[in-house]
Amino acid sequence: QEFFGLTLRVTHDVLIPRPETEHLVEAALARIPAGHPARILDVGTGSGAIAIALAVARPRAILTAVDQSPAAITLARENSAAHHVENRIRFLQSDLLNALPGEHFDLIVSNPPYVPSSEPLEPQVLNFEPHQALFAGESGLDIYRRLIPQAAQALVPGGWLLLEIGHGQQKSLASLLSEWKNLSFVPDLQGISRVA
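In this text the structure is predicted, and so the values were computed from the model without any measurement.

What counts as what
Residues numbered from 1 in each chain as written. Predicted model: local features only at pLDDT ≥ 70, side-chain atom pairs only at ≥ 80, totals over all residues. Heavy atoms only, no water. Phe/Tyr/Trp six-rings, centres within 6.5 Å; stacked < 30°, edge-to-face > 60°. Buried < 20%, exposed > 50% of the residue type's maximum accessible area, 1.4 Å probe, protein only. Lys NZ or Arg CZ within 6 Å of the ring centre and 35° of its normal. Salt bridge = Lys/Arg side-chain N within 4 Å of Asp/Glu carboxyl O. Helix = DSSP H or I, 4+ residues; strand = E, 2+ residues; numbered from the N terminus. Expected span 1.5 Å × (residues − 1). Contact = heavy atoms within 4.5 Å. Core = buried A, V, L, I, M, F, W, Y, C linked by side-chain atoms within 4.5 Å.

**So, the packing of aromatic side chains**
Next, step 1: The final tally for this structure, using the stated rule, is 1 aromatic pair.
Next, step 2: Consider the rings of Phe3 and Phe4, whose centres lie 6.4 Å apart with planes at 40°: the pair is tilted.
Next, step 3: Classification of Phe3 by relative accessible area gives buried; the value is 0%.
Next, step 4: When the ring centre of Trp160 is taken as reference, the NZ or CZ atom of Arg31 above it lies at 4.6 Å.

Spelled out as structure tokens, the structure:
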């Protein structure tokens, strides 16, 4: 699968990277000066697409990528080696930030599961992609509710949290992020808010 100019191997264990997620990478790059050794965390890395794209584009960045799926971590490691950034990304099996107590980052980025459990999906998505990487409770907000407070503890002062969000979730995310500063949303090419 092509993603941000990179070719990545995908399996049934991970989400297939989507073009919409490239907006998340662009938003992250806009907040990382080119020569800065920024500490970046990718939560729910899956195939490694986001972490690898950031590592390639920002050679001085120091990356950590976590996923609760051991199979996803193995695949992400393989993809990072294919793009020669395996020595700059630390991959860890973790439920969100649970394996990173006391660690701090300049930027946390995530494309978490955000599909409401009742939402009908195309068969090619439902039958071939892992449900734990798609669905997040009745409202689709379960992972955000857990991740946002953890990220608040793990970011340095002035750090950034960037989240991919689903169609129609801007209002809910604005509420969940109401105590955060500089909240803004990035639209995709259809004008739908895609990144918080």
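Picking up where we left off.
**Section: the pattern of salt bridges**
Next, step 1: The full count for this structure, using the stated rule, is 6 salt bridges.
Next, step 2: In this structure, Glu103 and Arg90 form a salt bridge, with 2.6 Å as the shortest nitrogen-oxygen distance. Pair noted here: Glu103 is in the loop between strand E5 (89-93) and strand E6 (105-110) and Arg90 is in strand E5, with a separation of 13 residues, a long-range link.
Next, step 3: Residue classification places Glu103 among the partly exposed residues on the basis of a relative accessible area of 26%.
Next, step 4: You can call Arg90 partly exposed: its relative accessible area is 34%.
Next, step 5: Taking the shortest distance from any N to any O, the salt bridge between Arg194 and Asp188 comes out at 3.2 Å.

**A short note on helix H5 (residues 142-154)**
Next, step 1: Counted at 1.5 Å a residue, the expected span for H5 with its 13 residues is 18 Å, and the 19 Å between its end C-alpha atoms agrees.
Next, step 2: Listing the buried residues of H5 in full gives Ile143, Tyr144, Leu147, Ile148, Ala151 and Ala154.
Next, step 3: Contact partners of the buried residues in H5: strand E3 (39-43), E6, strand E7 (155-163) and helix H6 (170-176).

**Thoughts on the nonpolar core**
Next, step 1: Ile40, Leu54, Leu63, Ile89 and Val109 are the most contacted members of the largest nonpolar core, which totals 30 residues.
Next, step 2: Among the elements of the structure, helix H1 (22-29), helix H2 (49-57), strand E4 (62-67), helix H3 (70-82), E5 and E6 are those that each provide at least two residues to this core.
Next, step 3: No other element matches H2, which puts 7 residues into this core.
Next, step 4: Other than its neighbours up to four places away in sequence, Ile40 contacts Ile32, Leu54, Ala61, Ile62, Leu63, Thr64, Phe105, Leu107 and Val109.
Next, step 5: Counting residues in each nonpolar core, the second largest holds 22 residues, with Val66, Leu100, Ile108 and Ile143 among its members.

Any functional reading would require information that these geometric values do not contain.
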